[in-house]
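Chain residues, written in single-letter form:
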Amino acid sequence: MKICVLPGDGIGVEIVAQALRVLDVFKSEGMKIETEHALLGGCAVDAAGSPYPEATQNIARAADAVLLGAVGGPQWDNNPRPLRPERGLLGIRKDLNLFANLRPAVLYPELANASTLKPEVVSGLDIMIVRELTGDIYFGEPRGITVENGKRVGRNTMIYSEDEIRRIGRVAFKAAQKRNKKVCSVDKMNVLETTQLWRDVMIEIAPEYPDVELSHMLVDNAAMQLVRNPKQFDVMVTGNIFGDILSDEASMLTGSIGMLPSASLDENNKGMYEPCHGSAPDIAGKNLANPLATILSVSMMLRYTFNDEVAAGRIDAAVKKVLAAGYRTGDIYEPGTKKVSCSEMGDQVVAAL
Ligand code: IPM
Ligand code: MG
């Protein structure tokens, strides 16, 4: 297994270090894992003049999977757009054709009180957001800020082809077949033609999955339903921008965005695995970050790219055990539990494994 490791910026470095310790456990048991580190994001801009330098491209393309921490930070906020850390992230997603972004929002029973929602609303929550990742307004052309009749005009283009919609739709239906067999497709078809096509294509492919029930929801209603009654959802499938927003919202149902892993897959299950959260510059370098989202991203890597359900299940179980034993990083801490640092959380997961 060749894994390209991209710690990135901010807390990315600390959390990836803990995730690698988890991989080391499997290595010590004989699993054949090769890792190669490379630069992505702000650190790559500083060291190589590009947020996704050629050296990183070569390593990432040759790998079976990519493990990513996070990118971004205030020191690069005023950079010209091509030299922003986020460009590196969007660049690698597009370059590796990672069109399917799986963002599970699972509430661990021990964390029911960490959510800002009432425990009864979120207890037992287990939803999977399937976000299209290489299209939509994120990549649509034309784009930019121009001057027209002496006034500045900003422009982005929301665009989807039917093929792009079909392939992400199929990922969602297949995911639902392994879960509770419900897909809710989220669009804004009452206003946006692009998403009218989205809905039409979802309806067209649904008969290929007769065991899965398809429903549709407008994105504003979906945002509301996610906090009103999130347990009504199984798999939600949506475009890039709506998925960006809804997945952040869903993450907080689980108590902390620090708990959510993600997988971004191409057609052959090559994948990039990263926590849903960002680089948290405010706590970077202080050994305070929650490494669990990154550790759970390793579990997703073993499950989706390396088809090792047993190893993935062991990581999931280890995380559950550590939470049940009362260990908490600051983001999920509540009185009566044991507050630990990022590396101590890593110690506990390694010990539980
Ligand atoms: C995410 C992030 C990225 C996105 C940013 C950092 C470009 O918010 O992965 O959700 O918008 O996709
Ligand atoms: Mg986001």
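What counts as what
Residues numbered from 1 in each chain as written. Chains lettered and ligands numbered in written order. Predicted model: local features only at pLDDT ≥ 70, side-chain atom pairs only at ≥ 80, totals over all residues. Heavy atoms only, no water. Pairing = 2+ DSSP bridges. Helix = DSSP H or I, 4+ residues; strand = E, 2+ residues; numbered from the N terminus. Right-handed = clockwise from strand over helix to strand, strands pointing away. Salt bridge = Lys/Arg side-chain N within 4 Å of Asp/Glu carboxyl O. Buried < 20%, exposed > 50% of the residue type's maximum accessible area, 1.4 Å probe, protein only. Near = heavy atom within 4 Å. Polar contact = N/O pair within 3.5 Å; in protein donor to acceptor, adjacent residues only side chain to side chain. Nonpolar A, V, L, I, M, F, W, Y, C, P; charged D, E, K, R; others polar. Axes fitted to C-alpha atoms, helices over the stretch in contact; angles between N-to-C directions.

Visitor: Teacher, can you tell me more about the pairing of strand E2 (residues 34–37) here?
Guide: Side chains on a regular strand alternate between the two faces of the sheet. Where strand E1 (residues 2–8) meets E2, four bridges bridge the pair, whose relative direction is parallel. Within E2, the residue paired with Ile 3 across the bridge is Thr 35. Once you follow E1 into helix H1 (residues 12–28) and on to E2, the crossover reads as right-handed.

Visitor: Sorry if this is basic, but what is going on with the pattern of salt bridges here?
Guide: Any two side chains of opposite charge can pair, on the condition that their charged atoms come close. Under the definition given, this model contains 18 salt bridges. Here Arg 61 makes a salt bridge to Asp 95, at a shortest N to O gap of 3.0 Å. Remark: Asp 95 occurs in helix H4 (residues 85–95) and Arg 61 occurs in helix H3 (residues 54–62); sequence separation between them is 34 residues. Asp 95 gets classed as partly exposed once you look at its relative accessible area, which sits at 31%. Its salt-bridge partner being Glu 86, residue Arg 84 comes within 3.3 Å of it at the nearest N-O pair. The exposure class of Glu 86 is partly exposed, given its relative accessible area of 33%. If you follow the salt bridges from partner to partner, you end up with Asp 77, Arg 84 and Glu 86 in one network.

Visitor: What's the story with the site of ligand 1 in this structure? I'm lost.
Guide: Ligand 1 sits among Glu 86, Leu 89, Arg 93, Arg 103, Arg 131, Tyr 138 and Asp 244. Taking Arg 131, its side chain carries an N or O atom lying 2.8 Å from an oxygen atom of ligand 1. Between Asp 244 and ligand 1, the recorded distance is 2.9 Å, taken from a side-chain N or O atom to an oxygen atom. Per-element accounting of the shell around ligand 1 gives the leading share, three residues, to H4. Looking at the shell around ligand 1 residue by residue, the classes come out as two nonpolar, no polar and five charged.

Visitor: What's the story with the sheet that holds strand E10 (residues 235–238) in this structure? I'm lost.
Guide: What the ten strands build is an open sheet, ordered E2-E1-E3-E12-E11-E4-E5-E10-E8-E9; its pairing is mixed. Bordering the open sheet on either side are E2 and strand E9 (213–218), each of which pairs with just one other strand. Between one strand axis and the next, the sheet turns through 20 degrees on average, direction left out of account. Bridging between E1 and strand E3 (residues 65–70) involves five bridges; their strand directions are parallel. Pairing of Gly 8 across the sheet is with Ala 70, part of E3.

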